[in-house]
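Residue-level structural notes
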Amino acid sequence: MSIIDVTNLTKYYGKSRGIVDVSFQVEEGEIFGFIGPNGAGKSTTIRLLLSLIHPTSGSARVFDLDVVTQGPEIRRNIGYLPSEVYYYEGMKVIDLLRYSASFFPGDFTKRMHELSEIMELELNRRISDLSYGNKKKVGIVQGLLHSPRLLFLDEPTAGLDPLMQRKFFNLIREENARGVTVFFSSHILGEVQRLCTRVGIIREGRMAEISDIRSLQQNNYKKVRVMAEGLDADLFQIPGVTNIQVEDGSLNFFFKGDINLVLQKIGGMRVEDVTIEEPTLEEIFMHYYE
Amino acid sequence: MNTNIFRHELRSRFKSVMVWSLAVLLLVVLFFGFFQGFADEADLMNQMLEKFPREMRAAFGLDNLDLASVLGFYGFIFIFVQLCLAIQAGNYGFGLVSIEESELTADFLLTKPVSRTAVMTSKLVAAVTGLILTNLVLWVGSFLAITGFRGEREYELKTLILILVSGFLFQMFFLGVGLLISLLVKRVRSVTPYGLGLGFGMYVLSAFSGMFSDVKLEILTPFKHFDPGYIIQNNAFDAPLVMLSVGVAIISITLSYWLYNRRDVPAVS
């Protein structure tokens, strides 16, 4: 049984497109990255899974329960961190967290203090006095407080400084190690690369590709950079080479195919420096976005 | 019904309930304080009112009220009380669930393991509790004011109770209709204009309906359904019209449940 099972899910807001015919599965215990530019349908997908909006057609099941008819049961085991965090302005942080926890069975006081300490969140301040980043921290604590089995993170790092981002990622990894499944939506590919095992790429409302993050990086392109005197772009005009750029005596290109072909070319030259590396997701996805 | 939401709602509504209760209390007590003066000069008063055109008197609900009697005078005040009650209930109706969207907290609340039906029920029960509190204050204030200022004049207790009961039913209309409209429009940015609009709009309709008595506007407005003048004259509710009001309230609330369960919560930004 998959934790999330989405089949041909489609959502139109009146005439405007939300998502079209999206299908994917997320298995228990994985961190699934959900990547796409703004407006591609990432939030729409998450909001459908949380029953905040209703599908036009298709179906989605979470914990093998239907999102349209069994929302409340599903949400017992879900933690959600929205991309924009807004809470009752007049409340104190601690009251909001208590209110949030009160919807779930159990006592979460200890966990609340633990998480707040990690995220350096002051519990006695008023929500209305908090900066954006601090509200985000409230969101994180609020989402993790009740030890959910499945976490929805919608662009979670916006507004967090790098130090806090790292702490946050560590928290997510810890949760994941305990068996928590994570659905991580982002348009920042670097952070998905750091955290996720599999990624789905969504573009203009449709799923462009779902693949293992490793195979995505390895089976595809290599990024080659050659530094030498008298470089000529034509030298590397062989099948599998794309995106050749010459700048300041260095030649950069992507290569897909048998790497020995490139090595032979380089072997016949006197070079100052050579690097061959795996491209970042960022660079790989440029192809999907173009 | 979820007690957490109920408690949260009640707490966030508390201040507003206090303000409205105080307003209604002051209105009744201060206004009724003038009763002795009015009653003693009743002949003069009535003579003066005679000089106004009938339509004018009707617009203020004075055509079927005798200001020299305890309940006639109370009924005249009660029209203004109704206006307050209408705006209060309308505000609560319009804001009941829309406030979570306008203050962007809907995502927080609706991702908790509660059904929309339970959210709405908890909120409704809290709002009705607030309205009941205001009505209680109105009851106590009215009895105190009448006992304190009526002098030697007598009045029918049953009629007064009928008028007071009408206040609560009257509010259910505005609560229900406000809630329904808030779910029919795309987004309620601010509750007050809607609440004021519905309250005053219905009042003005009622005034017009008094001015042109052949126009059947009374079907539309609860100010006519619960006309204190009618209740005093007949010592009873205008049953069909009261049923109409209650019916509209019940249908509005039922439809609201249906709409809320199907509603797409708009995304922030």
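Residues numbered from 1 in each chain as written. Chains lettered and ligands numbered in written order. Predicted model: local features only at pLDDT ≥ 70, side-chain atom pairs only at ≥ 80, totals over all residues.

Some words on the overall build of chain A
The cut-off we apply is this: Note on conventions: DSSP H or I runs of at least 4 residues are helices, E runs of at least 2 residues are strands, and numbering of each starts at the N terminus. Residues with at least 20 other C-beta atoms within 10 Å of their own are called buried, those with 12 or fewer are called exposed, and the rest are partly exposed. The C-beta atoms themselves are positioned from the backbone. Contacts here follow a simple rule: the backbone-placed C-beta atoms of the two residues must lie within 7 Å.
When you go through chain A residue by residue, the secondary structure sums to 10 helices and 14 strands. Looking at chain A as a whole, 37% of its 290 residues are labelled buried. Taking the intrachain contacts of chain A between residues at least 6 apart in sequence as the baseline, contacts between residues at least 24 apart amount to 70%.

Some thoughts on the overall build of chain B
Stated precisely, the cut-off is as follows: Every radius of gyration here is taken over C-alpha atoms, with the globule rule written as 2.2 Å times N^0.38, N being the number of residues.
Per the secondary structure count, chain B includes 12 helices and 0 strands. The order of helices and strands in chain B, counted from the N terminus, is α-α-α-α-α-α-α-α-α-α-α-α. The C-alpha radius of gyration of chain B comes to 20 Å, within 12% of the 18 Å expected for a compact globule of 269 residues. Counted over contacts in chain B with a minimum sequence separation of 6, partners at least 24 positions apart contribute 79%.

Some details on the sheet that holds strand β10 (residues 206-212) of chain A
Within a sheet, each strand pairs with its neighbour through backbone hydrogen bonds, oriented either parallel or antiparallel. Residues and elements named next belong to chain A. Definition in use: Any two strands with at least two DSSP-identified bridges between them are counted as paired. Axis definition: a line fitted to C-alpha atoms, limited for helices to the stretch in contact. Angles are taken between N-to-C directions and run from 0 to 180 degrees.
Read across the open sheet, the 6 strands follow the order β6-β7-β8-β3-β9-β10; overall the sheet is mixed. Each edge of the open sheet is held by one strand with a lone partner, namely β6 (78-81) and β10. Strand-to-strand twist across the sheet, computed as the mean angle between neighbouring axes with direction ignored, equals 15 degrees. Pairing analysis gives 4 bridges linking strand β3 (residues 31-35) to strand β9 (residues 198-203), with the strands arranged parallel. For Gly-33, the partnering residue across the bridge sits in β9 and is Val-199. Across the sheet, helix α1 (residues 42-49) is in contact with β3, β7 (150-154), β8 (181-186) and β9; its angle to β7 comes to roughly 150 degrees.

So, the interface of chain B and chain A
This is how the line gets drawn: For this classification, Asp, Glu, Lys and Arg are treated as charged, while Ala, Val, Leu, Ile, Met, Phe, Trp, Tyr, Cys and Pro are nonpolar and the rest, including Gly, are polar.
Opposite the 19 residues of chain B that make contact, chain A presents 19 residues. The biggest single contributor to the side of chain B that touches chain A is helix α6 (residues 106-110) of chain B, with 3 residues. Classifying every residue of the side of chain B that touches chain A by side-chain character gives 8 nonpolar, 6 polar and 5 charged.

Considering the sheet that holds strand β1 (residues 4-13) of chain A
Residue and element names in this part refer to chain A. Pairing in this open sheet of 4 strands is antiparallel, and the strands run β2-β1-β4-β5 from one edge to the other. On the outer flanks of this sheet lie β2 (16-26) and β5 (65-66), each paired with one strand and no other. Sheet topology note: the β1/β2 ladder contains 7 bridges and is antiparallel. Looking at β2, one finds that Lys-11 is bridged to Ile-19.

Describing the domain arrangement of chain A
Keep this limit in mind: Segment limits for the domains were obtained from an automatic or database-derived domain assignment.
Its domain assignment divides chain A into domain 1 (4-217) and domain 2 (220-289). Its C-alpha centre places domain 1 of chain A at a distance of 38 Å from the equivalent point of domain 2 of chain A.

Here's the deal with helix α1 (residues 3-32) of chain B
For clarity, the cut-off: What is called the bend at a residue is the angle between a pair of axes, fitted to the seven residues leading up to and ending at it and to the seven starting from it.
The principal kink in α1 of chain B, of about 45 degrees, is found at Arg-13 of chain B. Buried within α1 of chain B we find Ile-5, His-8, Glu-9, Arg-13, Val-17, Trp-20, Ser-21, Val-24, Val-28 and Phe-32 of chain B. Looking at the packing, one finds that the buried side of α1 of chain B touches α3 (93-101) of chain A together with α2 (35-40), α5 (70-102) and α7 (116-149) of chain B.

Overview of the nonpolar core
Put simply, the rule is: For this analysis, nonpolar core means a set of buried Ala, Val, Leu, Ile, Met, Phe, Trp, Tyr and Cys residues linked through C-beta atoms within 7 Å.
Ranked by internal contacts, the top residues of the largest apolar core, which has 122 residues, are Leu-49, Val-141, Phe-152, Val-182, Phe-183 and Phe-184 of chain A. Residue contributions to this core peak at 17 residues, all from α5 of chain B. Discounting residues that sit within four places of it in the chain, Val-141 of chain A has contacts with Leu-97, Met-112, Leu-115, Ser-116, Met-119 and Leu-121 of chain A. Judged by nonpolar contacts, the second largest core, of 7 residues, contains Tyr-221, Phe-253, Phe-254 and Val-262 of chain A.

Concerning the packing of α7 of chain B against helix α12 (residues 239-262) of chain B
All names here are of chain B. The line we're drawing: Reported orientations rely on four angle classes, namely roughly parallel under 35 degrees, roughly antiparallel over 145, roughly perpendicular from 65 to 115, and oblique for the rest. Each crossing gets its hand from how the near helix is turned against the far one by less than a right angle, where anticlockwise is left-handed and clockwise is right-handed.
Across the interface, α7 lies against α12 with an axial gap of 9 Å and an inter-helix angle of 135 degrees. Here α12 runs oblique to α7, going by the angle between their axes. Pair α7 / α12 crosses with right-handed handedness. Contact residues: α7 offers Arg-116, Thr-117 and Met-120, while α12 offers Tyr-257, Tyr-260 and Asn-261. A class-by-class count of the residues in the contact of α7 with α12 yields 3 nonpolar, 2 polar and 1 charged.

Notes on the confidence of the model for chain B
Parts of the prediction with low pLDDT should not have their coordinates interpreted in detail. So the rule is basically this: pLDDT gives the predictor's per-residue confidence on a scale running from 0 to 100.
When pLDDT is averaged across chain B, the result is 89; 97% of the residues are at 70 or more. Scored as a whole, the predicted complex attains pTM 0.85, and scored at its interfaces, ipTM 0.85.

Quick word on the pairing of strand β12 (residues 241-247) of chain A
Residues and elements named next belong to chain A. Among the 7 residues in β12, 0 count as buried, and that is only a small part of the element. Inspection of the sheet shows β12 paired to strand β13 (residues 250-255) by 5 bridges, in the antiparallel sense. Counterpart to Val-246 in the pairing with β13 is Leu-251. As consecutive antiparallel partners, β12 and β13 are separated by 2 residues, and within that stretch Asp-248 has a phi angle of approximately 45 degrees, a positive value.

Let's talk about the environment of Leu-104 of chain B
Looking at the secondary structure, you find Leu-104 of chain B in the loop between α5 and α6. Each C-alpha atom of the pair Leu-104 of chain B and Val-265 of chain B lies 9.9 Å from the other, and the pair is 161 residues apart in sequence. Setting aside anything within four residues of it in sequence, one finds Leu-104 of chain B in contact with Tyr-86 of chain A together with Val-268 of chain B.

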